[in-house]
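A closer look at the structure
These are the residues of each chain, in order.
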Amino acid sequence: MNIYGIGEETADDIILYAAKKPRFVMDTYTRRLVDRLGWKVGGNKYADYQRLFESKLDPNVDMWGDFHAQLDGHAARVCAKNDPLCAECVLLDLCPAGQANTR
Ligand code: SF4
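The paragraphs below set out a description of the structure included in this document.

On to the overall build of the protein chain. Assigned secondary structure in the protein chain consists of 5 helices and 0 strands. Put simply, the protein chain runs from its N terminus to its C terminus through helices and strands in the order α-α-α-α-α. Each principal axis of the C-alpha atoms in the protein chain carries an extent, and together these give about 45 × 30 × 25 Å. The buried share of the protein chain, reckoned over its 103 residues, is 17%. Residue pairs in contact within the protein chain that sit at least 24 positions apart in sequence constitute 49% of those at least 6 positions apart.

Here it is in structure tokens:
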């Protein structure tokens, strides 16, 4: 974190994917999904969103790496910043924002 250009997300990417230690990588994509799903977060900081996952999931480097990739892929392809594809989303039944978008 003292290296110029290395922020929380990049540091956690290195810890998870290179060092193979359990850190749940947080980013804008995942935060957007969490917010739209209406999950309660204890604050608005990176660590608050990260804690939501790390407090509920068993530490598993492979699963967390795959989970992060799938969350990002879903947010990029379906739960886009503008014009999310809610009618096609597998999370629609769980998502208040999506249900409001499809009324
Ligand atoms: S239903 Fe819509 S807002 Fe909710 S997660 Fe899916 S794409 Fe995103």
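Looking now at the site of the ligand. Contacts to the ligand come from 14 residues, most closely from Cys79, Cys86, Cys89, Cys95 and Gly98. For the shell around the ligand, the elements supplying multiple residues, two or more each, are α2 (28–37) and α5 (96–101). Broken down by element, the residue count for the shell around the ligand peaks at 3 residues, all from α5.

Although it is not a glycine, Lys20 sits at a positive phi angle of roughly 60 degrees. The residue Lys20 is located in the loop between α1 (8–18) and α2 in this model. According to the C-beta neighbour criterion, Lys20 is exposed, with 10 such atoms within 10 Å. At Asp83, a position not held by glycine, the phi torsion is positive, near 55 degrees. Note that Asp83 resides in the loop between α4 (61–77) and α5. You can call Asp83 exposed: it has 7 C-beta atoms within 10 Å.

Another aspect to go through is the nonpolar core. By size, the foremost hydrophobic cluster in this structure holds 6 residues: Phe24, Val25, Met26, Tyr49, Leu52 and Trp64. Excluding anything up to four places from it in sequence, Leu52 contacts Val34, Trp39 and Val41.

As a further point, take the environment of Ile14. When you line up the elements, Ile14 lands in helix α1. For the pair formed by Ile14 and Met1, sequence separation is 13 residues and the distance between their alpha carbons is 11 Å.

Moving on to the packing of α2 against α4. Interhelical geometry of α2 versus α4 gives an angle of 75 degrees and a closest axis separation of 8 Å. Taken as axis vectors, α2 and α4 run roughly perpendicular relative to one another. Across the interface between the two elements, Tyr29, Thr30, Arg32 and Leu33 from α2 touch Leu71, Asp72, His74, Ala75 and Ala76 from α4. Classifying every residue of the contact of α2 with α4 by side-chain character gives 5 nonpolar, 2 polar and 2 charged.

What counts and how
- Residues numbered from 1 in each chain as written.
- Predicted model: local features only at pLDDT ≥ 70, side-chain atom pairs only at ≥ 80, totals over all residues.
- Helix = DSSP H or I, 4+ residues; strand = E, 2+ residues; numbered from the N terminus.
- Buried ≥ 20, exposed ≤ 12 C-beta atoms within 10 Å, placed from the backbone.
- Contact = placed C-beta atoms within 7 Å.
- Near = placed C-beta within 6 Å.
- Core = buried A, V, L, I, M, F, W, Y, C linked by C-beta atoms within 7 Å.
- Axes fitted to C-alpha atoms, helices over the stretch in contact; angles between N-to-C directions.
- Parallel < 35°, antiparallel > 145°, perpendicular 65-115°, else oblique.
- Nonpolar A, V, L, I, M, F, W, Y, C, P; charged D, E, K, R; others polar.

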